[in-house]
Every structure is written in structure tokens, then in C-alpha cells.
Amino acid sequence: MAQQGVQLDRERFCCPICLDLLKDPVTTPCGHSYCMNCIKSFWDGEDEKKIYSCPQCRQTFTLRPVLMKNTMLADLVEELRKTGLQAAPADLCYAGPEDVACDFCTGRKLKALKSCLVCLVSYCEKHLQPHYDVAPLKKHKLVDPSKKLQENICSHHDEVMKMFCRTDQQCICYLCSVDEHKGHDTVSAAAERTERQRELEVSRQNIQQRIQDREKDVKELQQQVEAINRSADEAVEDSEKIFTQLIRLMEKRSSDVKQQVRSQQETEVSRVKELQEKLEQEITELKRKDAEMKKLSHIEDHNQFLHNYPSLSALSESTSSINIRPLRYFEDVTAAVSELRDKLQDVLRDKWTNVSLTVTEVDVLLPQPEPKTRAGFLQYSRELTLDPNTAYTQLLLSQGNRKVTLMSQHQSYSRHPDRFTYWIQVLSRESLTGRCYWEVEWRGRGVGVAVAYKNISKGSDEGRFGFNDKSWMLYCYTNSYEYYYNRVLTPVSGPRSSRVGVYLDHSAGILSFYSVSETMTLLHRVQTTFTQPLYAGFWPFYYGSTAELCKLK
């Protein structure tokens, strides 16, 4: 309440023109007080009319009143200044550079509260009051303060533009509608606004619906992220447990082998030592017998020799002869463990591809629709090269291993287990998973464009592209196309082109071949399930035929 009283006092001593505390206060004959400079400036603007008025009560004076400083009021204002109760809050009402100023204020202008689209003037709260009190002004259209009111004035006729020309899509005034816009489709600006507002609402509803859909999608994707992280963590944890179990199993088997070897070692060493002791005892006994016989043999008296001879003890039964096996001992154990290692490596090599592919096939999002334009395909483009280790010996690789040509003479390739030795074919070095796109420029009488698994047969008739369940091939002839899979021929129609585009969506099992020229035309689409990573493959049919992987980036 005290604050309200202070506010009331402060307002009572503020100049009605600048709204600040009075400076050199003067009082007009009608009894209203102003800053001396404020009222002088106001009346300076009325000098031409020779009629002076009070800005508050509008009382007029035919002679400009002589103003004298109101000393009592000045003392009161000075006391207010000393208390520090400046009219700072009022400063917040003044218009800054970025604000719309009241057009009616003189001196320091206040911020406009509203702009009138009829008067084309902006008003502060005080000067806006007549629009709330005067009946004709109540019908005026008030809007938020605007600096663009003058844009509502026709530059040709200096009239308010209240109409809209649909023909020229611009706002016009009434005179424009009967002048240069005569005969055009014109309506009131309000009617056009209503129509556009309706369209705007429809657009907003669509946008709001899309926002809701996208927010739902974002929420679902966030849930998927959490699910992916959770599943990945569980997979890593479970895999670590499984591999730990395998390691422990191997360690246990290693320990078992070690224990068995040591146990057998101890048993066999014990047996050998036991036999060794028996033999040593037998040797001792035999030496003693030999010494007795030697002593007896040295007696010269025949009668004494014959008398002592019967006293010789009989020889004990000799230990059976010893048969020792060839010296291999535990080498066979090492060989057996080595054989186990080789078999485990084979199993890991064969199964690891499936494990790796299973990881790469994790795809949370639904399969993306196949692109409709070449630009759409190019976002999945892959830079591929050919693998020299797979090339048949009559295939010449060039252009950085991107181009293959069938030659009449054999090339100097080294022996390699991945090399095709039966069919004139070659595979790419890079494996293909996920979504991929590449283009092939071919020349000659015919070229096969294929994809295949890496483990396709290299040295038998079974390895021919398109004649097994491990490869898919489009045969490109001068005047026709043919598609082969697992020995089944499918005729293909489409525009002839020296460039073929190949699109692969590995996880979705989609393989598509396109004829590429100024436009892209689908030649053949495959829908299947791929169980291994794929590799691009080529088969030039005739000498001089070439196929080149195009650079797309």
C-alpha cells in the first residue's frame, strides 16, 4: 500500500507531455502544470495557427500565455528528487530504437500500445483511450504496434489499400480497382484474408499433424536407440560369456591333456625304473656269481676244485628279454592336438562369416524404398575395384583394377586359391552388404554383370555365374538381355545401353539391374534372401570385350 501511495504521488508530479518528474514546472491559466521546455515546445508548434491550447483539457488561448515558474511546485518536485523516487518506471515506457513510438506524443515519445489500421497511426495507452471511448473510433481495427502502417497506403492514389487483386496477387485501393486493375478478379482484403486464413489453418493443421507424427517417430527412434544399446550390450555380454566358456573349455582340455600326459609319464617312468632296479639287482647277482666262479677257476688243486664245485649256488632265472617300442613317446599327442586345432580353425573360419553377417544385418529401420531417380541411387554409390587374385588368367585388369578385358593370351598371374581356373570370371575386392549401388560401362559383343558369394566354386563347371545358387547374373548382349540364376533363364526386355546400374539392398534381399542412359529403366529385380556378403562379378564373353566400374563421385 505504501508503494501505491508513492506511485500516486510520483504520477501527480509528472509532466503530462514527457511523463518525467517536472523540470522548471509552470502552470497554464487553465491550471495544468508542465515542464517549461515541454509546454514551450508544444506551443511553438501552434505559432502558425495563432491559437494555443492546453494538451490536457484542450482549452484554447488567443494570446500565448506568459509562463512563470511555479516555485511551490518546484520545491515539492525537488523534495521528491532528493528521496530518490525518480520516475524510472516511466522510462521503461519510452520508445527505444527498436520500438514503435506513439505518433501523438510530443517531445520524448512513449511506446505505442496499438496501431490503428483505419487512422494508420500508432498510439500509446493515453492517446489510445479515445478509440475505446468515442463511438465512431470504436469501429476502427486495432492491431499490435506496427512500423509498416505506411505500407497500407497506395503509392498511386494515397488511399488505404482495402482490396486485393487476385489476378496480380497484390493489395490495391478502391481507385486501383476501377483504374489499372479494372476487369481483374478483385475482392476485399478482408475476404482474401479470410480465404488465405482458411488455407493457413489447413496448412497449420497439416504441419501440426506432421509435428505430432515426427515427435512420435522421434520417440519411437529414441526407444529403438535404447533397445539397440540394450540389445548390443546383452549381445556383447553374452558373447563374452560364451567366448569365456570356450576359453575355459579349451583351458580345461589343455589341463586334461597335460594331466593325462603327466600321469602317463609318471606311470611309464615308474614301470621303467622298477624294471631298471630288477635288472640292476640281477647284474649284481650275476657279478657275484661270476666272482665265485672266477675264484673257483683259480684253484690249482684238482681235488679241492672238485670238492668245492658242488657248493656253487644255482643261477636264478634270468629276467625276460626287454622289447622297447620305437622312440615316439608323446609325439602322437602333439599331432592329435594339432589336428584338433586345424579342425577348430576350419570351423571358426566357416562359421565366422555367418556371425559377421548376422551382425551387419542388424537393421532397425524398415527397408527404405528403392530410389526413383539416379540421384537417389547415387547416395548409395560404392567405389569398387577388381581383385587380381580372383581373375582368370586371360583377363587383363587396368585403370587401377577397375577395368577388365578378355585377352587371347594368358597373363602372368601367380597361383592363388581364390583364382577362377575354369570360367573366365573375376570378382571385386570389396564385399557388399547393406545398401549399395554401382554402374558398369561395357563394350564388345557381350559381358556378364553379376554378384556372387566369395565361396563360389573357382575350379569347376559349378562356378559359372548364374548357373548355381551362389550367383546372380545379367547377360548383356548387343541386342538383348538375359538373366540367369541357378541355371534358370529369364528373358529381359528394356532399352539397350552400354551402361548398367546395379542396386543392392542386402538386408532386404533386393537386387536390381538398370539400363542407364539419360534416364534409368528397370531391367530386372530379384527378391530373395542373401546369407553371405556379396561381391561384384564380371564375365567378358568374347575377345576384346570389356567391363569397367564407373567412378560415380
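It should be emphasised that the depicted structure is a prediction, and the values quoted were computed from it without experimental measurement.

S.K.: Quick question: what am I supposed to make of the overall build of the protein chain here?
M.R.: Secondary structure summary: the protein chain contains 12 helices and 23 strands in total. In terms of overall dimensions, the protein chain is more spread out than a globule: its C-alpha atoms have a radius of gyration of 54 Å, far above the 24 Å expected for 553 residues. Along the three orthogonal principal directions, the C-alpha set of the protein chain runs to about 190 × 80 × 35 Å. Partitioning the intrachain contacts of the protein chain with sequence separation of at least 6 by distance along the chain shows that 56% fall at a separation of at least 24. Considering the protein chain, the positive charge centre built from 74 side chains and the negative charge centre built from 75 side chains are found 3 Å apart.

S.K.: Just to check I follow, could you spell out the sheet that holds strand S16 (residues 471-477) for this structure?
M.R.: Within the open sheet, the 6 strands sit side by side as S13-S22-S15-S16-S17-S18. Their pairing is antiparallel. With partners counted over all chains shown, the strands left at the sheet margins are strand S13 (426-427) and strand S18 (488-492), one partner each. By the bridge criterion, 7 bridges tie strand S15 (residues 446-453) to S16 in an arrangement that is antiparallel. The residue bridging glycine 446 from the neighbouring strand is tyrosine 477, located in S16.

S.K.: Just checking my understanding: could you explain the nonpolar core for this structure?
M.R.: Note on soluble globular proteins: their nonpolar side chains tend to be buried together. Ranked by size, the top nonpolar core spans 52 residues in total, and within it Trp438, Phe465, Trp472, Leu474, Leu511, Phe513 and Phe538 carry the most contacts. Per-element tally for this core: the top contributor is S15, with 6 residues. The residues contacting tryptophan 438, other than those within four sequence positions of it, are Arg382, Leu384, Leu432, Val451, Val500, Gly501, Val502, Leu504, Ala536, Leu549 and Leu552. With 27 residues, the next largest nonpolar core counts Cys18, Met36, Cys38 and Cys105 among its residues.

S.K.: Help me understand the sheet that holds strand S5 (residues 114-116) in this model?
M.R.: Each strand in a sheet pairs with another by means of backbone hydrogen bonds, the pair being arranged parallel or else antiparallel. On the basis of which strands lie adjacent, the open sheet formed by 3 strands has the order S6-S5-S7 and antiparallel pairing. Every interior strand has two partners, whereas the edge strands, strand S6 (121-123) and strand S7 (142-143), have only one. Two elements, S5 and S7, share 2 bridges in a ladder whose sense is antiparallel. Looking across to S7, one finds that cysteine 116 is bridged to leucine 142.

S.K.: Quick question: what am I supposed to make of the pairing of strand S20 (residues 510-516) here?
M.R.: The side chains of a regular strand alternate, first on one face of the sheet and then on the other. When you tally the buried positions in S20, you get 7 out of 7 residues, the bulk of the element. Residue alternation in S20 divides its side chains into two sets, Ile510, Ser512, Tyr514 and Val516 and Leu511, Phe513 and Ser515, and both sets are buried. Relative to S20, strand S19 (residues 499-505) is paired through 6 bridges, and the arrangement is antiparallel. Its bridge partner lying in S20, valine 500 is registered against serine 515. Hairpin connection of S19 to S20: 4 residues between the antiparallel strands, including glycine 509 at a positive phi of 70°. Pairing of S20 with strand S21 (residues 520-527), which is carried by 7 bridges, proceeds in the antiparallel orientation. Following the sheet pairing, leucine 511 is matched in S21 by valine 526. Hairpin connection, S20 to S21: the antiparallel pair is bridged by 3 residues.

S.K.: Is there a simple way to think about the side chain of aspartate 387 in this case?
M.R.: Here aspartate 387 shows up in the loop between helix H12 (374-378) and strand S11 (395-398). For the buried aspartate 387, no salt bridge exists, and the shortest N-O distance to an oppositely charged side chain is 4.3 Å, to arginine 429.

S.K.: I keep staring at the pairing of strand S17 (residues 481-485) and nothing clicks. Help me out?
M.R.: Here S16 pairs with S17 via 5 bridges, running antiparallel. Within S17, the position partnered with leucine 474 by the bridge is tyrosine 483. What sits between the antiparallel neighbours S16 and S17 is a turn of 3 residues. Sheet topology places S17 next to S18; 5 bridges connect them, and they run antiparallel. Residue tyrosine 483 lies in a different strand from S18, and its bridge partner there is threonine 490. The turn joining S17 and S18, which pair antiparallel and follow one another in sequence, is formed by 2 residues; a positive phi near 55° is taken by asparagine 486.

S.K.: Explain the confidence of the model for the protein chain here, please?
M.R.: Detailed reading of the predicted coordinates is not advisable wherever pLDDT is low. When the pLDDT values of the protein chain are averaged, the result is 86; 92% of them are 70 or greater. Looking at the elements of the protein chain, mean pLDDT is at its lowest for helix H4 (residues 88-91), recorded as 46, and at its highest for S13, recorded as 97. The low-confidence segment residues 1-8 (pLDDT under 50) makes 1 contact with residues lying over four places distant or belonging to another chain. Contacts from residues 85-90, a stretch scored under 50 in pLDDT, to residues over four places away or in other chains number 14 contacts.

S.K.: What is the right way to look at helix H2 (residues 36-44) in this model?
M.R.: Since there are 3.6 residues in each turn of an α-helix, residues three or four apart along the chain are aligned in direction. Those residues of H2 lying buried are Met36, Cys38, Ile39, Phe42 and Trp43. Along H2, the residues classed as buried sweep out an arc of 165° about the axis, all on the same side. More than 90 degrees from the buried face of H2, the exposed residues found are Asn37 and Ser41. Looking at the buried positions of H2, the neighbouring elements they touch are strand S1 (25-27), strand S2 (33-35), strand S3 (52-53) and strand S4 (60-61).

Cut-offs and rules
Residues numbered from 1 in each chain as written. Predicted model: local features only at pLDDT ≥ 70, side-chain atom pairs only at ≥ 80, totals over all residues. Heavy atoms only, no water. Helix = DSSP H or I, 4+ residues; strand = E, 2+ residues; numbered from the N terminus. Rg over C-alpha atoms; globule rule 2.2 N^0.38 Å. Contact = heavy atoms within 4.5 Å. Lys, Arg positive; Asp, Glu negative; His and termini not counted. Charge placed at Lys NZ, Arg CZ, Asp CG, Glu CD. Pairing = 2+ DSSP bridges. Core = buried A, V, L, I, M, F, W, Y, C linked by side-chain atoms within 4.5 Å. Buried < 20%, exposed > 50% of the residue type's maximum accessible area, 1.4 Å probe, protein only. Salt bridge = Lys/Arg side-chain N within 4 Å of Asp/Glu carboxyl O. pLDDT = per-residue confidence, 0-100. Arc of directions from axis to C-beta.

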